[in-house]
Amino acid sequence: MTVHAPDPITREGTLAQLRRNPDIEIRGEADTRPGAVALVVRDSLDEEVLGRLRRIVRADGGRAVLVVGVLREAELLDVIECGVGAVVWRNEATEHRLAQAVFAAARGEGDLPADLLGRLIDQVGVLHRVSTGRSGAPAGGLSTREVDVLRLVADGRDTQEIAAKLSYSERTVKNVVHGLTTRLHLRNRAHAVAYAMREGYI
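Residues numbered from 1 in each chain as written. Predicted model: local features only at pLDDT ≥ 70, side-chain atom pairs only at ≥ 80, totals over all residues. Heavy atoms only, no water.

Some remarks on the nonpolar core
Within soluble globular proteins, side chains that are nonpolar tend to cluster in buried spots. Keep this limit in mind: Buried Ala, Val, Leu, Ile, Met, Phe, Trp, Tyr and Cys residues that are joined via side-chain atoms within 4.5 Å together make up what is termed a nonpolar core. The classification of residues rests on relative accessible area computed with a 1.4 Å probe and restricted to protein chains. Under 20% of the type maximum is buried, over 50% is exposed, and intermediate values are partly exposed. In this description a helix means any DSSP run of H or I spanning at least four residues, a strand means any run of E spanning at least two, and both kinds are numbered starting from the N terminus.
Among the nonpolar cores identified, the biggest contains 20 residues, and Leu 53, Leu 66, Leu 71, Val 84 and Val 87 are the most heavily contacted of them. Looking at this core, the elements with two or more residues in it are strand 2 (37-42), helix 2 (47-59), strand 3 (63-68), helix 3 (73-81), strand 4 (86-89) and helix 5 (114-131). For this core, the element with the highest residue contribution is helix 2, accounting for four residues.

Some details on the packing of helix 7 (residues 159-166) against helix 8 (residues 170-183)
Helices that pack against each other are described as a pair by the angle of their axes relative to one another and the distance between those axes. Heads up, the rule is: Only the contacting stretch of a helix is used when fitting its axis, a line to C-alpha atoms as for every element, and angles between N-to-C directions run 0 to 180 degrees. In what follows, roughly perpendicular refers to angles from 65 to 115 degrees, roughly parallel to angles under 35, roughly antiparallel to angles over 145, and oblique to any angle outside these ranges. Here, residues are in contact when the closest pair of their heavy atoms is within 4.5 Å. In the scheme used here, Gly and all other residues not listed as nonpolar or charged are polar, with Ala, Val, Leu, Ile, Met, Phe, Trp, Tyr, Cys and Pro taken as nonpolar and Asp, Glu, Lys and Arg as charged.
Closest axis-to-axis distance for the helix 7/helix 8 pair is 8 Å, and the angle between their directions is 105°. Here helix 7 lies roughly perpendicular to helix 8, going by the angle between them. Contacts between helix 7 and helix 8 involve Thr 159, Gln 160, Ile 162 and Ala 163 from the former and Glu 170, Val 173 and Lys 174 from the latter. Looking at the contact of helix 7 with helix 8 residue by residue, the classes come out as three nonpolar, two polar and two charged.

A look at the pairing of strand 3
Let me state the cut-off plainly: Clockwise travel from the first strand over the helix to the second, with the strands pointing away from the viewer, marks a crossover as right-handed. For two strands to be treated as a pair, DSSP must find at least two bridges joining them.
Burial analysis of strand 3 places five of its six residues in the buried class, which makes it a mostly covered element. In terms of handedness, the path from strand 2 via helix 2 over to strand 3 forms a crossover that is right-handed. Strand direction decides the pairing type here: strand 3 and strand 4, joined by four bridges, are parallel. Within the sheet, the bridge partner assigned to Val 67 lies in strand 4 and is Val 88. Since strand 3 and strand 4 lie parallel, the crossover through helix 3 that links them has a hand, and here it is right-handed.

Side note on the pattern of salt bridges
So the rule is basically this: For this document, the term salt bridge refers to a Lys or Arg side-chain nitrogen within 4 Å of an Asp or Glu carboxyl oxygen.
With the rule as written, the count across this model stands at 14 salt bridges. With its nearest N and O atoms 3.5 Å apart, the salt bridge here joins Arg 52 to Glu 29. One end of the pair, Arg 52, is in helix 2; the other, Glu 29, is in the loop between helix 1 (8-19) and strand 2, and 23 residues separate them in sequence. Measuring nitrogen to oxygen at the nearest pair gives 2.7 Å for the salt bridge that ties Arg 90 to Asp 43. Taken together, the positions of Arg 90 in the loop between strand 4 and helix 4 (95-106) and Asp 43 in the loop between strand 2 and helix 2 put the pair 47 residues apart, joining distant regions of the chain. Under the relative-accessibility criterion, Arg 90 is labelled partly exposed at 30%. One salt-bridge network, held together by shared partners, links Arg 11, Glu 29, Arg 42, Glu 48 and Arg 52.

What follows is the structure in structure tokens.
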């Protein structure tokens, strides 16, 4: 495994913790290989850290463990999206806790602190409600009605056919399309369909 730290003191302290475990083999920072675990230590997250995590997982085929001091609500999904399966709070980064996260990552398993796991479950719940339209017409997503209309637009149906199929008036169909394109800053129906497909609604 490799260790990526912002300064020599942090790096040496982390290595000292890991070297106490005879089952962990430490390699040089540049020694990247598929399946290898890379431990990234930072106080907080920024684009440089996210870029490094993406390279480790996607370009190098490695597995990443993030040791971090602070992780804001909005950053949690960014970390998961990068492919990070294990996160350790810096103030909990004992020899045992680091080894536990490294071994979990090596096995391809997830390892999150309990409070982060709770936050992740909450965020996934919100995303699910948005994607299924249970929140009406959320600012960042599509309602059930909007998804139904866009599915038919994607099938090549015109306004009259969509209205007949969904038992709406033509005016309602036009209002639905206008509302979602305006709210999401989409240019036209084709752009709206592309957005819905990209986001997994249809």
